[in-house]
Amino acid sequence: MTQTPSTTDSSTNAATPLPSPKERRRLREAKALSEEQVAKAVGVTRTTIRSWETGRTNPRGRKREAYAKLLATYEAELAAQTQGAEPAAEIDGTERAERADTAPQPPEPPQAYEPEAETDADAEPEAETEEPHERAVHPSAPVRPDAASPPSPPIPVPALTPEQAFDELYSHAASGLVRQVHLLTGRREFSLEAVEHAFHIAWESWPEVAVDRDPAGWVRAMAYEYAMSPWHRLRRSHRRPEPTDPGATAAADPDGPTLRGTLLDLPPMYRRTLLLYDGLALDLPETAAETEASTPAAASRLMHARAAVAELMPELAEPEQLQERLGDLLVNAPLPELASARAVRAGSERRTRFWTRAAIGLTAAVLGAAAVAMATSQSHYEPRQAPGEPVGGVAPRFGPPAFTRQDVELRTMLEHHPRKGPERLLPSAR
């Protein structure tokens, strides 16, 4: 007989009870642990721990059992420390009372020398008062790490250099960003390119990123903007789908290809909103701010995206199931080989040098062309000659017309070939 999901959830919740979300956070902070450390111990992401502590979602299955066991361990350790602190506080109280009783009794030392019995009797209280005195003077921090002992001054932590801080951010956020961009675009190599581009810009703008409230969110926004730019459709590599490795995908998530295909069928903004809210467990205002939309618009996109996913995959109709599937896919998806943080910083610096030199070269070319134009241009203004116009009222020219071609030939022939005969014609008499 099979159980419905609701029956399974109720049985699981009854088997492994959990404290309230506020109590979960209090236990973690009392142990001075970060969200990353608890997430590593349970085997989930930091955003999942944040979602559990805020009450947006609840763990299920083996994750719930592991999380409940971990919280129970923290609670037992804190209870043991509290019980160890109470006797210590009582000892301190008795020490103060005994010191107050023994301080205003100066005549006791001379009385100790009269009878031997009194000396022995007086020696016992002195020995009893010495033992608590030694415990009060020489306390050990590991024995009583509670509020009764004065807080020790904080140990100064050396400040990280910009290179070290960038390397920490890259090692913490790069792998998760590659998986997220892969879900958004469906292209593994392009996801590496988008993440490296985002970290290049982060290193170029490091003074701004270092003081940001969420440096990882700053880099994530840059990676998403670059990956979802519509101009990438013009690239030749984006004209055909990227081949996938079915073996690796099936090993990570049996329904991975179906879920990825469903996400890729959504509009880009719906896809991004769904990934931020259900995949990374961001709040709705944070999701709206990162997508540059109003909170009602982000909520509408989220509802439409969930409805589209539920229509294609009915088993993910419940938001909790969709969130769990997206979280597992983001954690267990195969990760390509990443470049080192040092190589990313070097690439960013090399890119900055290239564009700086290109800008300098272009500026020099423009200035050179301007200098040549100034040297070859006229130094003064020369007015342009007006076009000619016919003048009226002037008599036309008179005289023989111009020779034609036949007249010129005849003249040339007469000049070069004179006829033989008398040079002069004489009239004949009659």
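Residues numbered from 1 in each chain as written. Predicted model: local features only at pLDDT ≥ 70, side-chain atom pairs only at ≥ 80, totals over all residues. Heavy atoms only, no water.

## Considering the nonpolar core
Phase 1: In terms of nonpolar packing, the biggest core is built from 48 residues, with Leu-169, Val-181, Phe-199, Val-219, Tyr-224 and Leu-274 touching the most fellow members.
Phase 2: Per element, the largest residue contribution to this core is 10 residues, and it comes from helix α8 (residues 162-185).
Phase 3: If we ignore the near neighbours within four places in the chain, the residues touching Phe-199 are Phe-166, Leu-169, Tyr-170, Ala-173, Ala-174, Leu-177, Val-219 and Val-344.
Phase 4: Counting residues in each nonpolar core, the second largest holds 14 residues, with Ala-39, Ala-68, Leu-71 and Leu-78 among its members. (Core = buried A, V, L, I, M, F, W, Y, C linked by side-chain atoms within 4.5 Å. Buried < 20%, exposed > 50% of the residue type's maximum accessible area, 1.4 Å probe, protein only. Helix = DSSP H or I, 4+ residues; strand = E, 2+ residues; numbered from the N terminus. Contact = heavy atoms within 4.5 Å.)

## Overview of the packing of helix α14 (residues 268-279) against helix α17 (residues 319-332)
Phase 1: Orientation of α14 relative to α17, taken along the N-to-C sense of each, is 95°, at an axis distance of 9 Å. Comparing the axis directions of α14 and α17 gives the class roughly perpendicular. Judged by residue contacts, Leu-274, Leu-275, Asp-278 and Gly-279 of α14 engage Leu-322, Gln-323, Leu-326 and Leu-330 from α17.
Phase 2: Taken together, the residues of the contact of α14 with α17 break down into 5 nonpolar, 2 polar and 1 charged. (Axes fitted to C-alpha atoms, helices over the stretch in contact; angles between N-to-C directions. Parallel < 35°, antiparallel > 145°, perpendicular 65-115°, else oblique. Nonpolar A, V, L, I, M, F, W, Y, C, P; charged D, E, K, R; others polar.)

## Details of the pattern of salt bridges
Phase 1: Enumeration according to the criterion identifies 15 salt bridges in this entry.
Phase 2: Salt-bridge contacts for Glu-324 lead to Arg-60; the nearest nitrogen and oxygen are separated by 3.9 Å. Taken together, the positions of Glu-324 in helix α17 and Arg-60 in the loop between α4 (46-54) and α5 (61-102) put the pair 264 residues apart, joining distant regions of the chain.
Phase 3: Look at Glu-324 and you get partly exposed, because its relative accessible area is 33%.
Phase 4: A salt bridge links Arg-351 to Glu-204; its shortest N-O distance comes to 2.6 Å. Residue Arg-351 is located in helix α18 (residues 341-376), and its partner Glu-204 is located in helix α9 (residues 188-204); the two are separated by 147 residues in the primary sequence.
Phase 5: Accessibility expressed as a relative area gives 35% for Glu-204, which makes it partly exposed.
Phase 6: Taken together, the shared-partner salt bridges in this structure form one network comprising Glu-35, Glu-36, Arg-46 and Arg-50. (Salt bridge = Lys/Arg side-chain N within 4 Å of Asp/Glu carboxyl O.)

## Re a negative patch on the surface
Phase 1: Residues Glu-208, Asp-212, Asp-214, Asp-283 and Glu-286 make up a contiguous surface patch of negative charge.
Phase 2: With respect to the helices and strands, Glu-208 occurs in helix α10 (residues 206-210).
Phase 3: Taking relative accessible area as the criterion, Glu-208 reaches 46% and is therefore assigned partly exposed. (Patch = residues over 30% accessible without salt bridge, like charges linked within 9 Å, V, L, I, M, F, W, Y side chains within 5 Å. Areas by Shrake-Rupley, 256 points an atom, 1.4 Å probe, with all protein chains shown as cover. Lys, Arg positive; Asp, Glu negative; His and termini not counted. Charge placed at Lys NZ, Arg CZ, Asp CG, Glu CD.)

## Digging into the side chain of Arg-24
Phase 1: Mapped onto the elements, Arg-24 comes out in helix α2 (residues 21-30).
Phase 2: Although Arg-24 lies buried, it forms no salt bridge, and the closest oppositely charged side chain, Glu-53, sits 8.2 Å away as judged by the N-O distance.
Phase 3: Ignoring any residue separated from it by four or fewer positions in sequence, one finds Arg-24 in contact with Leu-18, Pro-19, Trp-52, Glu-53, Thr-57, Asn-58, Tyr-67 and Leu-71.

## A few points about the packing of α2 against α4
Phase 1: With their axes 6 Å apart at the nearest point, α2 and α4 run at an angle of 125° to one another. As the angle between them shows, α2 and α4 are arranged oblique. Where α2 approaches α4, its residues Pro-21, Lys-22, Arg-24, Arg-25 and Arg-28 are matched on the opposing element by Trp-52, Glu-53 and Thr-54.
Phase 2: Residue composition of the contact of α2 with α4, grouped by class: 2 nonpolar, 1 polar and 5 charged.

## Quick look at the confidence of the model for the chain
Phase 1: Summary statistics for the chain give a mean pLDDT of 76 and a share of 72% for residues scoring 70 or more.
Phase 2: Contacts of residues 246-253 to residues separated by more than four positions or lying in other chains number 9 contacts, the stretch itself having pLDDT below 50. (pLDDT = per-residue confidence, 0-100.)

## Here's the deal with α2
Phase 1: Burial in α2 covers these residues: Arg-24, Leu-27 and Arg-28. In a view along the axis of α2, the buried residues occupy a sector of 95°, so they form one face of it.
Phase 2: Downstream of α2 by a residue or two, Ala-32 has a phi angle that is positive, lying close to 60°. (Arc of directions from axis to C-beta.)

## Focus on the packing of aromatic side chains
For any pair of aromatic rings, the description rests on two quantities: the centre-to-centre distance and the angle between the ring planes.
Phase 1: Enumeration according to the criterion identifies 8 aromatic pairs in this entry.
Phase 2: Ring centres of Phe-166 and Phe-199 lie 5.9 Å apart, and the angle between their planes is 85°; on these two criteria the pair is classed as edge-to-face. A residue pair is termed long-range when its members are at least 10 positions apart, and Phe-166 in helix α8 and Phe-199 in helix α9 qualify at 33 residues.
Phase 3: Judged by relative accessible area, Phe-166 falls into the buried class, the value being 0%.
Phase 4: Between Tyr-170 and Phe-199, the ring centres sit 4.9 Å apart and the planes meet at 75°, which makes this aromatic pair edge-to-face. Placement of Tyr-170 in helix α8 and of Phe-199 in helix α9 is noted, with a sequence separation of 29 residues between them. Per residue, the accessibility class of Tyr-170 equals that of Phe-199, and both read buried.
Phase 5: Ring pairing ties together the aromatic residues Phe-166, Tyr-170, Phe-199, Trp-203 and Trp-206, which thus form one cluster.
Phase 6: When the ring centre of Trp-203 is taken as origin, the NZ or CZ atom of Arg-345, which lies over that ring, is 5.8 Å away. (Phe/Tyr/Trp six-rings, centres within 6.5 Å; stacked < 30°, edge-to-face > 60°. Lys NZ or Arg CZ within 6 Å of the ring centre and 35° of its normal.)

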